[in-house]
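Take a look at the letters that make up each chain.
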Amino acid sequence: MISKREALDLLHAAIPQVGSLGLETLPLAEALGRVLAEDVAADMDMPPFDRSAMDGFAARSGDFQNGLAELLVCGTVAAGEAASIAVPPGSCVKIMTGAPVPADTDVVVMVEKSEELPGDRARVRLRDAIRPGQNIAPRGQDMRKGEFVLTSGTAIRPIEVGMLATLGCAEVAVFRRPRVAVIATGDELVALGDGRPGPGQIRESNGHMLSSQVADLGAGIEPIHLGIARDNPAAVNAMLDTAFAADVVVLSGGVSMGEFDYVHHTLKERGLNVLFEQVAMKPGKPLLFGEMTVEDRTVFVFGLPGNPVSSYVTFELFVRPFLRGLMGFSGPHFLEMAARITSDSGGKALRRTQHLPAKIWLEEGEVLAEAVTWNGSGDLRGLLRANGFIIVEAHEAPPKSGTRAAVLIGESSTLRPPHSSTRDY
Ligand code: AMP
Ligand code: MG
């Protein structure tokens, strides 16, 4: 049995080079949530011309005395027009936000600081503390032609979509999403829609939960939910035949020491290179991870413990970071931070790292946490009240009220960072 740290190190070392799944080109409208697979440079200066930041008047700073000028209005420049108009001394032009500033002028005075003068010809009095260049965004201020603005590996958020549109990218290269197959195993499992469980049976839930954890990675990733494999080598093998078309296979159940736990044996017989299969943590001790070659592709396989909470937690701690790495995301998806514990946590010191489902919230700038009461790894209901975990290192006692402890929050829907000052969200 290896420690959680060692297992995570092996996991990270196994993440293939970014881009190993290949690239695809998408219309910009479909790129949200994906990871950019190219460096993108500016194809023009931004702003592309000296641009007015205000509705007002473009004038010559030399015409002002003590912040005051009375000028002839010799024209109007609207946004979208070229600023070819000449502005002789003693004159100005009416200008709109976003319009190019005429070459002869070097200041824009906002309309609120102007006053029309009576008379036949259009004249204005402008009153402002004049500073050359004021209210003008100079050409190339934001970016210069040829400058790299976005780099490969960037997650595409709405801001990046806006930037890519600015850069003229109607299409973008992104990393291909991994195909992830999900299989539940167990003779006791009844598929949703197949009636009420009979004696000794339970409803299959992990397949649905794990599939939605995959989907929760975003980027429109679609899990391949393969259903239930029964507890015999032929059934597991048949399911794997289909699953191996995917890049990553996630199985739940059948990886512990029971007489009918066939998943690990079957996988090893088919040539799985096991990277680890027992991790010193609770929940989640039986946790299989390996890779195998299927027709010169590498397929990664996770065998998660069948208890629903164990399945959930091991996905979040191991499968999610692996898939993120494979998708090309950089950086961690967890925040580990210290929290003040507000009530005694149950349980005792173990030789394994424990993850206690917990409520974590912010109150007056402080992170607070309390373990939720739950009945162990089968109790998915207990997990409903949690939005993160208290980490208890091996050989340490679960934290008491008033002490500080490490907590884990992250990006998945259940592990949202605390954003509320109530423990009841
Ligand atoms: P296993 O890892 O196969 O020994 O299963 C451990 C426990 O989790 C048993 O109580 C199983 O009935 C339960 N279990 C296994 N797979 C699922 C599943 N897909 N949905 C709900 N419970 C499961
Ligand atoms: Mg089982």
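Quick note: structure is the one above.
Reading the values: rules and limits
- Residues numbered from 1 in each chain as written.
- Chains lettered and ligands numbered in written order.
- Predicted model: local features only at pLDDT ≥ 70, side-chain atom pairs only at ≥ 80, totals over all residues.
- Heavy atoms only, no water.
- Near = heavy atom within 4 Å.
- Polar contact = N/O pair within 3.5 Å; in protein donor to acceptor, adjacent residues only side chain to side chain.
- Areas by Shrake-Rupley, 256 points an atom, 1.4 Å probe, with all protein chains shown as cover.
- Helix = DSSP H or I, 4+ residues; strand = E, 2+ residues; numbered from the N terminus.
- Nonpolar A, V, L, I, M, F, W, Y, C, P; charged D, E, K, R; others polar.
- Buried < 20%, exposed > 50% of the residue type's maximum accessible area, 1.4 Å probe, protein only.
- Axes fitted to C-alpha atoms, helices over the stretch in contact; angles between N-to-C directions.
- Parallel < 35°, antiparallel > 145°, perpendicular 65-115°, else oblique.
- Left-handed = near helix turned anticlockwise from the far one by under 90°.
- Contact = heavy atoms within 4.5 Å.

K.L.:
Got a minute to help me understand the site of ligand 1 in this structure?
P.N.:
Close to ligand 1 lie 16 residues, the nearest being Glu188, Glu204, Ser205, Gly254 and Gly306. Note that an oxygen atom of ligand 1 is positioned 2.9 Å from one of the backbone N or O atoms of Gly306. A distance of 3.1 Å separates an oxygen atom of ligand 1 from a polar atom in the backbone of Asn307. Its free accessible area being 480 Å², ligand 1 has 78% of it covered by the protein chains. For the shell around ligand 1, the secondary structure elements donating two or more residues are strand E13 (180–185) and strand E15 (202–203). Across the shell around ligand 1, the residue classes break down as four nonpolar, nine polar and three charged.

K.L.:
Honestly, unusual backbone geometry in this entry has me stumped. Any pointers?
P.N.:
As a rule of thumb, non-glycine residues mostly have phi less than zero, and peptide bonds are mostly trans rather than cis. For the bond running from Met46 to Pro47, omega is -10 degrees, close enough to zero to count as cis. In this structure, Pro47 sits in the loop between strand E2 (40–41) and strand E3 (51–52). Note the cis peptide between Lys282 and Pro283, where omega equals -5 degrees. Inspection of the secondary structure puts Pro283 in the loop between strand E19 (281–282) and strand E20 (286–294). Look at Asn66: it is not a glycine, yet its phi comes out positive at around 50 degrees. Mapped onto the elements of the fold, Asn66 is located in the loop between strand E4 (56–59) and strand E5 (68–77). Note on Asn66: relative accessible area 85%, which makes it exposed.

K.L.:
Would you take a moment to explain the packing of helix H3 (residues 206–215) against helix H6 (residues 308–327) for this structure?
P.N.:
Helices that pack against each other are described as a pair by the angle of their axes relative to one another and the distance between those axes. Put simply, H3 and H6 touch, their axes get as near as 10 Å, and they point 25 degrees apart. Put simply, H3 runs roughly parallel to H6. For H3 against H6, the interelement crossing comes out right-handed. For the pair formed by H3 and H6, the contact residues are Asn206, Met209, Leu210, Gln213 and Val214 on the first element and Pro308, Ser311, Tyr312, Phe315, Glu316 and Arg320 on the second. Of the residues that constitute the contact of H3 with H6, the class distribution is six nonpolar, three polar and two charged.

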